[in-house]
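Below are the chains, spelled out letter by letter.
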Amino acid sequence: MRLGRFLCSCLLLTSTPLVQAGEWSGYVALEGRAFTQEALFPEQNYRVNLSLSAQPEYFHKWDNGKQSFTFVPFVRYDQHDSRRSHADIRELTWLKAGKDYEWRLGVRKLFWGVTEAQHLVDIINQTDLIENLDGEEKLGQPMANLALIRDWGTLDLFVLPGFRDRTFPGAKGRLRSAIPVATDRAQFESSQGRNHVDLAARWSRTLGDFDFGVAHFSGTSREPRLVLALDGGGNPVLIPYYDLINQTSLDLQATKGSWLWKLEAISRAGQPGGRYTAMTGGFEYTVVGVLDTQTDVGLLAEYLFDDRGQAATTPYDDDVFVGMRLSFNDAQSSEALVGAIVDRQTYAKALSIEASRRFGQQWKLSLEARFFSHIPEKDQTLFGVRSDDYIQLEMARHF
Amino acid sequence: MMKKCVLLLSLCALVPLVSLAETPEEKGLAIAQEADRRDLGWGDSTNDMLMILRNKQGEESTRTIRNQSLEVQSDGDKGLGLFDDPADVKGTVQLTYSHKQGPDDQWLYLPALKRVKRIAAEDKSGSFMGSEFAYEDISSQEVEKYTYKYLRDEVLNGQDCFVIERYPVAEYSGYKRQVVWLDKAEYRVQKTEYYDRKDSLLKTLTFRGYVKYLDKYWRPTEMFMENHQTGKSTLLKWSNYKFRVGLTDTDFTQESLKRTR
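Conventions used here
Throughout this document, residue positions are counted from 1 along each chain, in the order its sequence is written. Whichever chain is written first becomes A and whichever ligand is written first becomes 1, with later ones labelled in order. Note on the predicted model: pLDDT of at least 70 is required for a residue's local features to be given, and 80 or more for side-chain atom pairs to be given and counted; whole-chain, interface and lining totals, by contrast, use all residues. Secondary structure is summarised from DSSP: a helix means a run of H or I of at least four residues, a strand means a run of E of at least two, and numbering begins at the N terminus for each. Throughout, the radius of gyration refers to the C-alpha atoms, and the reference size of a globule is 2.2 Å times the residue count to the power 0.38. Whether a residue is buried, exposed or partly exposed is read from the other C-beta atoms within 10 Å of its own C-beta, which are placed from the backbone; 20 or more gives buried, 12 or fewer gives exposed, and intermediate counts give partly exposed. By the convention adopted here, residues make contact when the C-beta atoms placed from their backbones lie within 7 Å. Per-residue confidence from the prediction method is given by pLDDT, with values spanning 0 to 100. Note on residue categories: nonpolar means Ala, Val, Leu, Ile, Met, Phe, Trp, Tyr, Cys or Pro, charged means Asp, Glu, Lys or Arg, and polar means any other residue, Gly included. Take the residue count of a helix, subtract one, and multiply by 1.5 Å to get its expected span. Each C-beta atom gives one direction from the helix axis, and the arc is the one those directions make. Two strands qualify as a pair provided that DSSP identifies no fewer than 2 bridges between them.

**Looking at the overall build of chain B**
(1) Moving on: Broken down by element type, chain B carries four helices and 15 strands.
(2) Moving on: Taking 261 residues into account, the globule formula puts the C-alpha radius of gyration at 18 Å, and chain B, at 20 Å, falls close to it.
(3) Moving on: Each principal axis of the C-alpha distribution contributes one length, and for chain B these read about 80 × 45 × 35 Å.
(4) Moving on: Scored against the burial criterion, the 261 residues of chain B give a buried share of 34%.
(5) Moving on: The contacts of chain B with a sequence gap of at least 6 include a subset with a gap of at least 24, amounting to 40%.

Shown next as structure tokens:
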């Protein structure tokens with residue numbers, strides 16, 4: 001309801017004369033997912049799922065480009081999972097750029113980090129997990145952000161009011177945990193619940209071949225612990241519990257010729273088991289124009305570590321990622337990324353294929369496929385998806 | 001006696017222009033330096049670029065990019081390219097710090113993920129946006145990026161031209177050599193032939209419709225690249241050139257990469 005009123009006032013705002021010179025862009029996409037195996041749970045009695053999504057974008061700048069307004073709503077309708085039918089404001093931001101500072105107020109999405117296999121350091125925005133298991137889709141985060149751009153680098157300061165709950169698939173959704181997550185029963189360590197104001201700061205700098213960022217976040221964890229409970233009918237459910245945490249992080253990339261060396265590391269305190277450390281590190285090596293073609297091949301390898309071991313809340317405690325990126329450099333911008341993550345102790349494997357190609361000037365076809373094998377029962381995050389191997393095609397119309 | 005003096009005097013007058021003992025290498029370098037010198041001082045500029053890709057069957061696809069450039073006195077120039085079309089890459093921005101020596105620095109902003117990626121820029125032989133232009137063909141053409149040799153004088157399309165050969169310094173260039181035609185009147189590049197690593201003719205680039213800005217700086221309105229080995233071609237059309245619009249270093253940072261549209 002509040003969202004609806006907000007959207008209405010935004011649409012009104014965009015039609016006022018002040019911002020009339022703005023422009024609309026965006027996309028509408030139809031997604032089809034085919035699961036290669038029968039579902040594990042009776043509620044998920046389907047092999048094919050269709051879904052329609054749209055993300056229009058309004059942008060207006062004035063003051064010689066020093067000020068701008070951006071509005072990006074997102075909406076999805078899903079055939080089977082009513083929870084995946086959802087809407088969000090990805091961005092609703094006013095920006096003012098000065099000579100050595102930038103102010104941003106509103107709802108925004110941003111990204112920190114360098115690695116490919118997982119994004120440990122990227123903490124500001126909540127994951128829209130129901131969108132994609134890879135965690136790369138994010139919910140808009142309300143914030144006030146001041147960036148100081150100086151000789152010694154850029155210092156970003158954030159005040160983050162308004163917590164966003166992580167999204168999870170409903171009982172009918174595939175790619176869910178074995179026990180469904182009761183998102184409406186979320187609990188918070190902070191007595192203020194979702195109204196707790198989080199704080200963050202990041203210093204980033206480029207020095208020659210090195211790009212790095214050091215950040216600290218203090219507030220409600222974006223990653224909930226999932227606590228077993230019973231619903232009204234006596235069935236087991238998982239309740240998300242959001243701790244108050246302090247997380248310090250480093251992200252670093254060294255660009256040495258055709259080699260990119262990458263490292264992300266975090267140290268987090270505030271969750272049961274005490275302070276822990278996790279890291280992802282590796283390289284991407286690119287060969288331009290292989291075998292006298294226009295195709296570039298990137299070879300990727302990363303190691304994923306979490307010192308909580310098997311008690312980690314992510315599946316990546318001692319895992320190796322290897323991947324290959326193909327950029328065909330053709331008129332259709334065809335590209336593909338194939339990757340596999342293997343747990344060195346349990347041999348749990350996840351294989352991922354992502355590819356895309358443009359048709360004409362405005363259509364884009366994307367392929368995504370994920371396959372899971374040897375997922376152990378104690379792997380809370382992936383055990384429920386062990387029979388949810390899928391191949392997905394998405395056709396998007398950009399405008 | 002008088003005649004001899006006149007001859008000597010006129011020879012002396014020629015000396016600053018073309019040294020008598022000049023080797024072809026020195027003369028080639030001098031021509032490149034003169035072309036560079038004549039383009040000094042433009043400051044900063046913006047323009048719109050339309051790129052038309054055509055394959056062997058004659059099918060076309062287009063890209064539009066808005067460019068911002070900043071002249072850097074002691075090093076290579078800085079550039080920001082904003083992609084407007086095709087619609088699926090709209091909002092993508094590329095930031096380049098070119099260097100006189102060593103590989104350029106390059107960052108790419110991917111709007112879907114809000115992610116800034118530093119990309120490997122040492123090997124620039126790869127295609128730019130699927131076109132027949134390699135990154136090294138359209139990046140800032142610094143004198144130090146090549147060694148030179150003067151070949152001959154030749155008339156091209158009715159214009160007296162120097163023909164020089166240049167050899168990329170970078171180990172990862174896609175070319176063994178390039179042959180460049182510059183008109184003697186204004187030292188503008190009229191044509192470039194690109195020879196691949198096996199020294200066979202790969203591409204020809206022709207420059208058309210030079211326009212003079214700020215009463216000094218020549219810019220082409222079209223650049224046409226033809227690939228002789230694949231039959232594909234790319235036409236770049238430049239428009240809306242503006243100079244000294246007030247761009248500074250702060251418009252070419254990773255922060256500006258995230259906000260410029």
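**A look at the overall build of chain A**
(1) Moving on: Helix and strand counts for chain A stand at one helix and 21 strands.
(2) Moving on: Computed over the C-alpha atoms, the radius of gyration of chain A is 22 Å, within 12% of the 21 Å expected from 2.2 N^0.38 for a compact globule of 399 residues.
(3) Moving on: Seen through its C-alpha atoms, chain A measures out along the principal axes to roughly 60 × 55 × 45 Å.
(4) Moving on: Burial analysis of chain A (399 residues in total) assigns 37% to the buried set.

**A word on the confidence of the model for chain A**
Residue and element names in this part refer to chain A.
(1) Moving on: With 95% of its residues at a pLDDT of 70 or more, chain A shows a mean pLDDT of 91.
(2) Moving on: Under a pLDDT of 50 for its full length, residues 1–8 has, in the predicted model, two contacts with residues more than four places off or in other chains.
(3) Moving on: Throughout residues 10–19 the model reports pLDDT below 50, and contacts reaching past four residues in sequence, or to other chains, amount to nine contacts.

**Observations concerning unusual backbone geometry**
(1) Moving on: Here the bond from B:Asp85 into B:Pro86 is cis, since omega is 5°, no more than 30 degrees from zero.
(2) Moving on: Looking at the secondary structure, you find B:Pro86 in the loop between strand 3 (78–85) and strand 4 (93–97).
(3) Moving on: Even without being a glycine, A:Tyr347 presents a positive backbone phi close to 60°.
(4) Moving on: Examined against the element boundaries, A:Tyr347 turns out to sit in the loop between strand 18 (335–343) and strand 19 (349–359).
(5) Moving on: Classification of A:Tyr347 by C-beta neighbours within 10 Å gives exposed; the count is 11.
(6) Moving on: Of note in this structure, B:Asn157 is not a glycine but carries a positive phi near 50°.
(7) Moving on: Along the chain, B:Asn157 falls in the loop between strand 7 (146–156) and strand 8 (159–168).

**Examining the interface of chain B and chain A**
(1) Moving on: With 24 residues of chain B at the interface, the matching set in chain A holds 36 residues.
(2) Moving on: Contributing elements (two or more residues each) for the side of chain B that touches chain A: strand 2 (60–70), strand 6 (115–119) and helix 4 (254–259) of chain B.
(3) Moving on: Of the residues contributing to the side of chain B that touches chain A, the split by class is five nonpolar, nine polar and 10 charged.

**Description of helix 2 (residues 24–38) of chain B**
Residues and elements named next belong to chain B.
(1) Moving on: Helix length check: helix 2 (15 residues) gives 21 Å between terminal C-alpha atoms against 21 Å at 1.5 Å per residue, within 8%.
(2) Moving on: Along helix 2, the positions that sit buried rather than exposed are Gly 28, Leu 29, Ile 31 and Ala 32. Seen from one end, helix 2 has its buried residues packed into an arc of 155°, which puts them on one side.
(3) Moving on: As for helix 2, its buried residues are in contact with strand 7, strand 8 and strand 9 (175–183).

**Things to note about the pairing of strand 2 of chain B**
All names here are of chain B.
(1) Moving on: Here strand 1 (residues 44–54) pairs with strand 2 via 11 bridges, running antiparallel. By the bridge assignment for strand 2, Thr 46 is matched with Gln 68.
(2) Moving on: Relative to strand 3, strand 2 runs antiparallel, the two being bridged by seven bridges. By the bridge assignment for strand 3, Arg 66 is matched with Leu 82.

**Describing the sheet that holds strand 11 (residues 225–230) of chain A**
All names here are of chain A.
(1) Moving on: Here we have three strands laid out as an open sheet, ordered 8-12-11, and mixed in their pairing. Only two strands of the sheet have a single neighbouring strand rather than two, namely strand 8 (187–188) and strand 11.
(2) Moving on: Direction of pairing for strand 11 relative to strand 12 (residues 236–242): antiparallel, over a ladder of six bridges. For Arg 225, the partnering residue across the bridge sits in strand 12 and is Tyr 241.

**Here we look at the environment of B:Gly41**
Residue and element names in this part refer to chain B.
(1) Moving on: Mapping Gly 41 onto the fold places it in the loop between helix 2 and strand 1.
(2) Moving on: Residue Gly 41 is classed as exposed on the basis of its 12 C-beta neighbours within 10 Å.
(3) Moving on: Sequence-wise, Gly 41 and Lys 216 are 175 residues apart; in three dimensions their C-alpha atoms are separated by 9.6 Å.

**Observations concerning the pairing of strand 3 of chain B**
(1) Moving on: As paired elements, strand 3 of chain B and strand 4 of chain B share five bridges and run antiparallel to each other. Across the sheet, B:Leu80 pairs through a bridge with B:Leu95, a residue of strand 4 of chain B.

**Notes on the environment of A:Ile130**
Residues and elements named next belong to chain A.
(1) Moving on: Position of Ile 130 relative to the elements: it lies in the loop between strand 5 (101–108) and strand 6 (141–150).
(2) Moving on: Accessibility expressed as a C-beta count within 10 Å gives 23 for Ile 130, which makes it buried.
(3) Moving on: Placed 36 residues apart in sequence, Ile 130 and Arg 166 show a C-alpha to C-alpha distance of 8.6 Å.
(4) Moving on: In contact with Ile 130, other than residues within four places in its own chain, are Arg 83, Arg 84, His 86, Thr 167, Phe 168 and Pro 169.

**A closer look at the confidence of the model for chain B**
(1) Moving on: Residues of chain B with pLDDT of at least 70 account for 92%, and the chain-wide mean is 89.
(2) Moving on: Two numbers describe this predicted complex: its pTM, 0.88, and its ipTM, 0.89.

**Things to note about the environment of B:Trp107**
All names here are of chain B.
(1) Moving on: With respect to the secondary-structure elements, Trp 107 resides in strand 5 (residues 105–110).
(2) Moving on: As for Trp 107 and Leu 80, which are separated by 27 residues in sequence, their C-alpha atoms are 9.6 Å apart.
(3) Moving on: If we skip the residues at most four places from it in the chain, Trp 107 touches Leu 95, Val 116, Lys 117, Arg 118, Ile 119, Gln 254 and Leu 257.

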